[in-house]
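Remarks on the overall topology
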Amino acid sequence: MSYFGRFGIKPGFVWSSINRIWWLVSLNPKTLLWLLPNISLMSKHKLILLRHGEGAWNKENRFCSWVDQKLSENGVLEAQECGRMLKQHGYEFGRVFTSILSRSIQTAWLVLEAMGQEWVPITKSWRLNERHYGALIGLNRAEMALNHGEKQVKLWRRSYDITPPPINESHPYFAEIYNDRRYNTCDVPKDELPKTESLKEVLDRLLPYWNDVIIPEIKCGQTVLISAHGNSCRALLKHLEGISDTDIVKVTLPTGVPVLLELDENLRPVKPRELLGDQAKIQAAIKKVEDQGKVVEGNK
Ligand SMILES: O=C(OP(=O)(O)O)[C@H](O)COP(=O)(O)O
């Protein structure tokens, strides 16, 4: 799909618009002076999506998902650095949204603290939780790749509509997750909470929250930070950027790197997403996350 196609813009429309603009400018070059500032006005809202800083199980290469883990020492530094960078860029958040998992909440606290914006309201919902990885929770990705093949692990991790086997009561983390009282506070009964999810199912449970709770804040003019997880952020990116079911496989987010989306008044992106920070470091971090699903050399 073309770049414009991702945003639902047909190629014919793009060419006819370019021709029309060219025609206007050739009639009167001063049109350019009017056009340039107005193009930048198309961006009405700035939204920051953030995968939390590194958690203890990111480091151990285990599927963490709904297991509640705190940030590692490195994750704390990543979140603080992210806050300092957002402050330098002049961001002033009006609302922050997190999941109900500690690593996303702790990241939001550290970011706001580094920005001197601790007072900004934080709203939490299970609907921003990481994808429920079902029976895969707690397992090591590299060992899974050795036992099931790298291709299968990539399908489980990155495909749109493949659902891993569900978690059941014999799973070592079942009780820890479902006896946790945070799940009594959800807007669905505990026994209706997921036992596994594809990315599609993450989007299905996230969208009502995005539409009913987050969008109204953005439309009121608030600059919003969503501090969430690799896959809940991927699901939202897929929705906002109109990424196809096949292309979403190629999207991987590193920890602690803010993703800037500039949206028009209808909350459609006006330019490609921007991962803020040192681009070489960001590419290396993305590769590191992708490589988590590969067999470790010595074990082949
Ligand atoms: O807990 C997880 O994501 P998170 O660290 O963003 O919360 C998942 O285990 C991420 O795994 P993945 O990168 O294999 O999708």
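The paragraphs below set out a description of the structure included in this document. Since the model is a prediction, treat every value here as computed from it, not as a measurement.

1. Quick word on unusual backbone geometry
For N61, which is not glycine, the phi dihedral falls at a positive 60 degrees. Within the fold, N61 resides in the loop between α3 (56-59) and α4 (73-88). Its relative accessible area of 13% is what places N61 among the buried residues. The backbone of S65 shows a phi angle near 55 degrees, a positive value even though the residue is not glycine. Mapped onto the fold, S65 is located in the loop between α3 and α4. With relative accessibility at 3%, the residue S65 sits in the buried group.

2. Digging into the packing of α4 against helix α5 (residues 102-115)
The contact between α4 and α5 brings their axes to 7 Å, and the two run at 40 degrees. On the basis of the axis angle, α4 is oblique to α5. By crossing handedness, the relation of α4 to α5 is classed as right-handed. Taken together, the residues of α5 that come into contact with α4 (itself represented by V76, A79, Q80, C82, G83, R84, L86 and K87) are Q106, T107, L110, V111, A114 and M115. For the contact of α4 with α5, the class distribution of residues is eight nonpolar, four polar and two charged.

3. As for the site of the ligand
Of all residues adjacent to the ligand, which total 15 residues, the nearest are R51, E130, Y133, R157 and G230. Measuring from an oxygen atom of the ligand, one finds a side-chain N or O atom of N58 at 2.9 Å. For the ligand, the protein covers 99% of the area, taking 400 Å² as the surface of the free molecule. A class-by-class count of the residues in the shell around the ligand yields three nonpolar, six polar and six charged.

Procedures and definitions
Each chain has its residues counted from 1, following the order in which its sequence is written. Local features in this predicted model are restricted to residues of pLDDT 70 or higher, and side-chain atom pairs are both shown and tallied only at a pLDDT of 80 or more, whereas totals for entire chains, interfaces and linings draw on every residue. To get the side-chain values, take all heavy atoms of the structure and skip hydrogens and water. Under the DSSP-based scheme used, a helix requires at least four consecutive residues in state H or I and a strand at least two consecutive residues in state E, with every element numbered from the N terminus. Between buried and exposed lies partly exposed: a residue is buried under 20% and exposed over 50% of the maximum accessible area for its type, with that area taken using a 1.4 Å probe on protein chains only. Axis definition: a line fit to C-alpha positions, over the contact stretch in the case of helices; interaxial angles, taken between N-to-C directions, run 0 to 180 degrees. Just so you know how the angles are binned, under 35 degrees is roughly parallel, over 145 roughly antiparallel, 65 to 115 roughly perpendicular, and the rest oblique. Helix crossings get a hand from a simple test, with the near helix turned counterclockwise from the far one by less than a right angle marking a left-handed crossing and a clockwise turn marking a right-handed one. Whether two residues are in contact is decided by their heavy atoms, any of which lying within 4.5 Å being enough. Following the grouping adopted for this structure description, the nonpolar residues are Ala, Val, Leu, Ile, Met, Phe, Trp, Tyr, Cys and Pro, the charged ones are Asp, Glu, Lys and Arg, and the polar ones are all others, Gly among them. Residues are labelled near a given molecule or strand when at least one of their non-hydrogen atoms is within 4 Å of it. Definition of a polar contact: a pair of N or O atoms within 3.5 Å, with one able to donate and the other able to accept a hydrogen when the atoms are protein atoms, and with sequence-neighbouring residues admitted only if both atoms are side-chain atoms. Computed with the Shrake-Rupley method and a 1.4 Å probe, the accessible areas treat only the protein chains shown as cover for residues.

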